[in-house]
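Below are the chains, spelled out letter by letter.
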Amino acid sequence: MKHLLLPLLTISTFSFGQITLTDQHFAGASESYVFSTLTDPTIDYGTTGANHTWDFSTLVPQDQRSLITIPMSQSTGLSSIMFGSFAPAAYKATYFNSTTDLPISQASSFLPISIDAINQFTKKATTGVTSIGYEIVSSGQGIGFRSDTIETRYELPITYGDNYESRGYTSVDFNPIYDAKWRQHRHRVSNVDGWGTVKTPFGQFDAIRIHHVIDEVDSLYITYSGFAMWIPIPIPVAHEYEWRSTSDKEAVMRIRTNEVLGNETVTAVEYRDNFNGLGLNESKISVSFYPNPVSDKLHVSTAEQAENFFVVDQAGRIWKQIPASSNEQLLDVSELPAGAYTLVVVFSSGYTTQKFVK
């Protein structure tokens with residue numbers, strides 16, 4: 001397997017004591033983030049406290065994932081009505097993004113429809129970051145559902161010693177597509193249990209640590225051969241340990257565990273990083289573009305349908321991540337600073353790169 005190897009930018013900060021997070025330290029719309037991921041069942045997630053140093057600098061990544069916060073201007077149909085500018089204040093979304101927090105895909109075998117994607121809608125305000133609803137995409141059509149009870153992911157401002165809890169309830173009715181319903185109950189308890197310095201392969205940061213405990217109960221109602229029933233979907237209690245800094249709008253380090261019978265098992269480890277193509281094969285799919293150099297719009301043509309476009313600078317930082325919508329696409333690069341960049345085109349089978357100058 002070949003990998004796209006780009007130089008990594010190391011970000012370093014120096015410890016100046018406790019920090020406080022406000023809405024300015026959380027993601028907004030049209031932002032892109034990359035996380036390196038790995039599996040490490042022995043990683044220490046239990047040690048914390050005041051003026052603590054967490055050293056994860058020797059972690060070795062196995063893969064990468066990306067997060068893009070999509071602006072509401074790209075929302076369509078029912079979702080744009082339910083979460084757009086005409087929605088009630090509590091349901092006016094700041095952005096939406098792909099999520100696994102509504103695990104309907106686990107029950108897809110019970111449904112006569114295919115689920116292409118599940119998106120979560122988020123509202124960011126000075127008082128908190130909330131989950132206000134979801135969108136299920138099937139056969140290219142999105143169907144939006146507001147959460148009847150809005151879950152607060154972060155109660156702001158937030159600093160060491162804070163704790164809060166929140167509940168979320170969402171009911172999804174598949175009618176008239178199919179006589180089925182989904183219900184999700186979530187109870188989140190969050191405790192800011194540490195502050196100090198966290199070290200990762202990406203850099204060193206002043207940070208606070210937040211420990212979230214999420215207890216979720218989901219159930220699916222279906223009719224089959226004339227019988228109707230509620231089917232419980234087993235979901236273990238989840239713990240999420242995250243380190244957040246004022247120098248980044250996403251968690252710089254995150255560890256997830258599942259709790260069964262009082263014992264926690266690590267399910268995911270990730271940290272903020274630069275894009276380096278880890279986990280992707282090099283593709284030979286033809287990609288062409290013009291003009292080069294470019295000032296405003298880059299016209300990209302692909303021989304096959306792509307999944308995403310990344311614009312990466314020479315240090316490995318992602319400046320833009322754009323979902324692919326067709327084989328012929330215009331990419332807006334007008335806000336890029338002058339310099340040399342790599343266009344990374346990601347297909348289901350791998351990636352292709354092209355260099356251009358702004």
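This one's a predicted model, so the numbers in the text were calculated from it and none came from an experiment.

**Student:** Go over the overall build of the protein, please, and point to the residues and values.
**Tutor:** Each helix and strand in the protein was counted, giving 1 helix and 24 strands. Within the protein, contacts between residues at least 6 apart in sequence are counted, and of these 63% link residues at least 24 apart. Looking at the protein as shown, the accessible area adds up to about 16,700 Å², and 52% of this sits on carbon and sulfur atoms.

**Student:** Explain the packing of aromatic side chains to me, using residue names and the numbers behind them.
**Tutor:** A complete count under the given rule lists 10 aromatic pairs for this structure. Measuring from centroid to centroid gives 5.7 Å for Tyr341 and Phe356, while their planes differ by 20 degrees, and the two rings are stacked. Of this pair, Tyr341 sits in strand S23 (residues 340–347) while Phe356 sits in strand S24 (residues 350–357), placing them 15 residues apart in sequence. Phe356 carries the same exposure label as Tyr341, and that label is buried. Within the aromatic cluster, the residues linked to one another by ring pairs are Trp54, Phe56 and Trp243. Directly above the ring of Tyr91 sits Arg146, whose terminal nitrogen or CZ lies 5.2 Å from the centroid.

**Student:** Requested: an account of unusual backbone geometry, with residues and values cited.
**Tutor:** Each neighbour pair has its own omega, and for Tyr290 with Pro291 the value is -10 degrees, a cis peptide bond. Relative to the assigned elements, Pro291 resides in the loop between strand S18 (287–290) and strand S19 (297–302). Although it is not a glycine, Asn51 adopts a positive phi angle of roughly 50 degrees. Mapped onto the secondary structure, Asn51 falls in the loop between strand S3 (31–38) and strand S4 (52–55). For Asn51, a relative accessible area of 55% puts it in the exposed group.

**Student:** For the nonpolar core, give the residues involved together with the corresponding values.
**Tutor:** The biggest cluster of nonpolar side chains holds 19 residues, and the ones touching the most others in it are Leu298, Val300, Phe309, Leu331, Leu343, Val345 and Phe356. Elements represented by at least two residues in this core include exactly S18, S19, strand S20 (308–313) and S23. Excluding residues that lie within four positions of it along the chain, Leu331 makes contacts with Asp296, Lys297, Leu298, Val300, Phe309, Ile322 and Leu343. Residues Ala207, Val252, Val269 and Tyr271 belong to the second largest nonpolar core, which totals 18 residues.

**Student:** Tell me about the pattern of salt bridges, and please be specific about residues and values.
**Tutor:** Taken as a whole and judged by the stated rule, the model has 17 salt bridges. Between Glu242 and Arg254 there is a salt bridge, with the nearest N and O atoms lying 3.2 Å from each other. With Glu242 in strand S15 (residues 237–244) and Arg254 in strand S16 (residues 253–260), the pair connects residues that are 12 residues apart, well separated along the chain. Between Arg244 and Glu250 there is a salt bridge whose closest N-O contact spans 3.8 Å. Note on accessibility: Arg244 and Glu250 belong to one class, buried. Salt bridges here are not isolated pairs; linked through shared partners, they connect Arg65, Glu240, Glu242, Arg244, Glu250, Arg254, Arg256 and Glu270.

**Student:** With reference to specific residues and values, describe the side chain of Glu240.
**Tutor:** Structurally, the position occupied by Glu240 is in strand S15. Under the relative-accessibility criterion, Glu240 is labelled buried at 15%. Engagement of the side chain of Glu240 in a polar contact is seen with the side chain of Arg254, the distance being 3.5 Å. A distance of 3.1 Å separates the side chain of Glu240 from the side chain of Arg256, its partner in a polar contact. Apart from residues lying up to four places away in sequence, Glu240 is in contact with Ile210, His211, His212, Arg254, Ile255 and Arg256.

**Student:** Break down the pairing of S15 for me, with residues and values.
**Tutor:** Across the 8 residues of S15, 6 count as buried, placing the element largely inside the fold. With 7 bridges joining them, strand S13 (residues 203–224) and S15 adopt antiparallel strand pairing. Paired with His211 across the strands is Tyr241, a residue of S15.

**Student:** Explain the sheet that holds S24 residue by residue, including any values.
**Tutor:** Across the sheet, which stays open at both edges, the 4 strands sit in the order S21-S20-S23-S24 with antiparallel pairing between neighbours. At either end of the open sheet lies a strand with only one pairing partner, and these are strand S21 (318–323) and S24. Going across the sheet, the axis of each strand differs from the next one's by a mean of 20 degrees, ignoring polarity. Note: S20 against S21, 5 bridges, orientation antiparallel. The residue of S21 that forms the bridge with Val311 is Lys320.

**Student:** Which residues make up the sheet that holds strand S22 (residues 328–332), and what values do they have?
**Tutor:** Spatially, 3 strands are ordered S18-S19-S22 in an open sheet, and the strand pairing comes out antiparallel. A single partner strand is all that each edge strand has here, and the edge strands are S18 and S22. With direction set aside, neighbouring strand axes in the sheet form an average angle of 25 degrees.

Cut-offs used in this document
Numbering of residues starts from 1 in each chain and follows the order in which that chain's sequence is written. Local features in this predicted model are restricted to residues of pLDDT 70 or higher, and side-chain atom pairs are both shown and tallied only at a pLDDT of 80 or more, whereas totals for entire chains, interfaces and linings draw on every residue. Heavy atoms throughout the structure, all of them, feed into the side-chain values; hydrogens and water do not. Secondary structure is summarised from DSSP: a helix means a run of H or I of at least four residues, a strand means a run of E of at least two, and numbering begins at the N terminus for each. In what follows, a contact means two residues having at least one pair of non-hydrogen atoms within 4.5 Å. All accessible-area figures derive from a Shrake-Rupley calculation using a 1.4 Å probe, and residue coverage is judged against the displayed protein chains alone. When two rings of Phe, Tyr or Trp (its six-membered ring) have centres within 6.5 Å they constitute a pair, described as stacked for plane angles under 30 degrees, edge-to-face for angles over 60, and tilted for the intermediate range. Accessibility here uses a 1.4 Å probe with only protein chains present; expressed as a share of the type maximum, an area under 20% marks a residue as buried, one over 50% as exposed, and anything in between as partly exposed. To sit over a ring, a charge needs its Lys NZ or Arg CZ within 6 Å of the ring centre and within 35 degrees of the ring normal. Here, the term nonpolar core denotes a set of buried Ala, Val, Leu, Ile, Met, Phe, Trp, Tyr and Cys residues that are joined through side-chain atoms within 4.5 Å. Counted as salt bridges are all cases of a side-chain nitrogen of Lys or Arg within 4 Å of a carboxyl oxygen of Asp or Glu. Think of a polar contact as two N or O atoms within 3.5 Å of one another; within protein, one of them needs to be a possible hydrogen donor and the other a possible acceptor, and neighboring residues in sequence only count if both atoms come from side chains. Only strands that DSSP links by at least two bridges are regarded as paired with each other. Orientation is described by axes fitted as lines to C-alpha atoms, over the contacting stretch for helices, and by angles from 0 to 180 degrees between their N-to-C directions.

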